[in-house]
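Listed here are the chains, written in short residue letters.
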Amino acid sequence: MSRSQWSSKLGFILASAGATVGLGSIWKFPYVTAMNGGGAFLLIFILITFTLGIALMLAEIAIGRAAACGAVGAFKKLGGKGWSAVGYIGVLCGLTVFSFYSVVGGWTIGYLLRAIDGRVMSNDPKALGALFGQYVSSPVEPIITHALFALLTLIVVMSGIQKGIERAGKILMPALFLLMLGLIVRSLTLPGAGTGVLAFLAPDFSKVNSKMLVDALGLAFFSLSVGAGCMLAYGSYLGRDVKLTNAAMWVTGLTTMTSILAGLMIFPAITAFGLDAAAGPGLTYMTMPVVFNHLPFGQFFATAFFALLLVAALTSSVSLLELVAVYPIDEWNLPRKATTGVITLLVFLAGVPASLSFGVLGEYKWFGRNVFELMDYSASNILLPLGGIGTALFAGWRIWPVIEAELELSPVSNWGMKWMCRVVAPALIALILVYNL
């Protein structure tokens, strides 16, 4: 049976950009940037993203296209049975992330419904905090929204590469940018918006230190979804006529632009109403509704904002499900619909205790973390860095001639890419791994 392919370069770029743009781009990037010196952190983040980050992305896409199969099969096919362990790490990471990410994606559905019926429209951050706490600690509603989010993801991936993932990317990514641009225009026209823009972009080089560099490295690598194998899986459906470097530059550029747009959307509004820009997740669910409540047509903007969050969450979850599903589909030639259905059911079941960890299971902790936090920590701080190191070493040392042939780089770029994979990227990812343990 012939392998499916993207119908166009644009389809691949939009789907891949969707994989890298998630909830983190909407709230985490602006928050981390503000806490690390604004423009100074932004410059370092962009520098790392377009050097080390793009090198790892190129390596993953090249491995996927060369092998024309998912992570486990690709490492085994190109490097031998022993290297398949790197692929298994990626699949386990994707399964873990999707399990708790679906819970958070469900929150966006819950808050979209609350925006539509007006329950989030309040001037009191404390009341909104109580509303959020009541919702996430419920033993029923967040599990229902978790199931709905997993089901939406399943519907897209079940439909296949062209009719499902590619078609969704072509609709959801433009919708995401249009929603963001609309909210940015409104945010920038608020009184005092300029102060918020300066808080986001003005560089404070006094805050440049080792922690800031590690934060920038982590955000750059992980915002591009390198390490788990999502880009590898997407690359496996890529035709030979597409120039990988050009496509990767587009994906990286769109991902970086989305993060910057999120800052321009959130910071002017937060500053205009004197709210805390360092509220993290609470910025999304507990303080942004205060902003909307002060705006003309505030309920409309609140609905648009949480619709934007749902779109961002869905574009990432689609890549996570595809990453996991492609393994049994390739390995045992199983039907896509049944395979994705079973995996989604497993993800839903695994996500239930993660959801309940904010309520009835909250007192149960391991290593000082509840179930949700343990899943997040294990995936982000252990599995993802290990996968990134393995991918870089595999590309740079085990199959470099294959990577070289796939990328067709100039001599200077070829030399730089090779040593990025062989030494620089593994060393810096190891630094993140050690720092976060």
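So, how was this worked out
Residues numbered from 1 in each chain as written. Predicted model: local features only at pLDDT ≥ 70, side-chain atom pairs only at ≥ 80, totals over all residues. Heavy atoms only, no water. UniProt positions renumbered as here; feature names shortened; annotations may be inferred. Helix = DSSP H or I, 4+ residues; strand = E, 2+ residues; numbered from the N terminus. Polar contact = N/O pair within 3.5 Å; in protein donor to acceptor, adjacent residues only side chain to side chain. Contact = heavy atoms within 4.5 Å. Disulfide = S-S within 2.5 Å. Buried < 20%, exposed > 50% of the residue type's maximum accessible area, 1.4 Å probe, protein only. Salt bridge = Lys/Arg side-chain N within 4 Å of Asp/Glu carboxyl O.

An unreviewed UniProt entry annotates the protein chain as Transporter of Iodobacter violaceini. The UniProt entry for the protein chain carries this comment under Subcellular location (unreviewed entry): "Membrane". Taken directly from UniProt, the Sequence similarities (unreviewed entry) text for the protein chain runs: "Belongs to the sodium:neurotransmitter symporter (SNF) (TC 2.A.22) family."

J.: Sorry if this is basic, but what is going on with the side chain of S102 here?
T.: Among the structural elements, S102 can be located in helix α5 (residues 84–116). A distance of 2.9 Å separates a polar atom in the side chain of S102 from a polar atom in the side chain of H146. In contact with S102, other than residues within four places in its own chain, are H146, F149 and A150.

J.: Before we go on, may I ask you to explain the state of the cysteines in this structure?
T.: Disulfide: a covalent bond formed between the sulfur atoms of two cysteine residues. Scanning the model with the defined rule gives zero disulfides in all. A disulfide-free cysteine, C230 has its sulfur positioned 8.0 Å from the sulfur of C93, the nearest such atom. Taking the relative accessible area as the measure of exposure, C230 reaches 3% and is therefore buried. The cysteine C421 is free of any disulfide, with C230 supplying the nearest cysteine sulfur at 18 Å. A relative accessible area of 1% means that C421 is categorised as buried.

J.: Any chance you could explain the pattern of salt bridges here in plain terms?
T.: Side chains that differ in sign of charge can pair as their charged atoms come close. For the coordinates displayed, the defined rule picks out nine salt bridges. The closest approach of N and O atoms between E166 and K170, which form a salt bridge, is 3.4 Å. Within this pair, E166 and its partner K170 are both found in helix α8 (residues 161–188), separated by four residues, close to a single helical turn. If you follow the salt bridges from partner to partner, you end up with R65, R240 and E406 in one network.

J.: Got a minute to help me understand the environment of L131 in this structure?
T.: With respect to the helices and strands, the residue L131 is situated in helix α6 (residues 125–136). Among the residues examined, L131 registers a relative accessible area of 15% and is labelled buried. When the C-alpha atoms of L131 and M286 are compared, they prove to be 8.3 Å apart, with 155 residues separating the residues in sequence. Here L131 is in contact with Y111, R114, R119 and V120, once residues within four sequence places are set aside.

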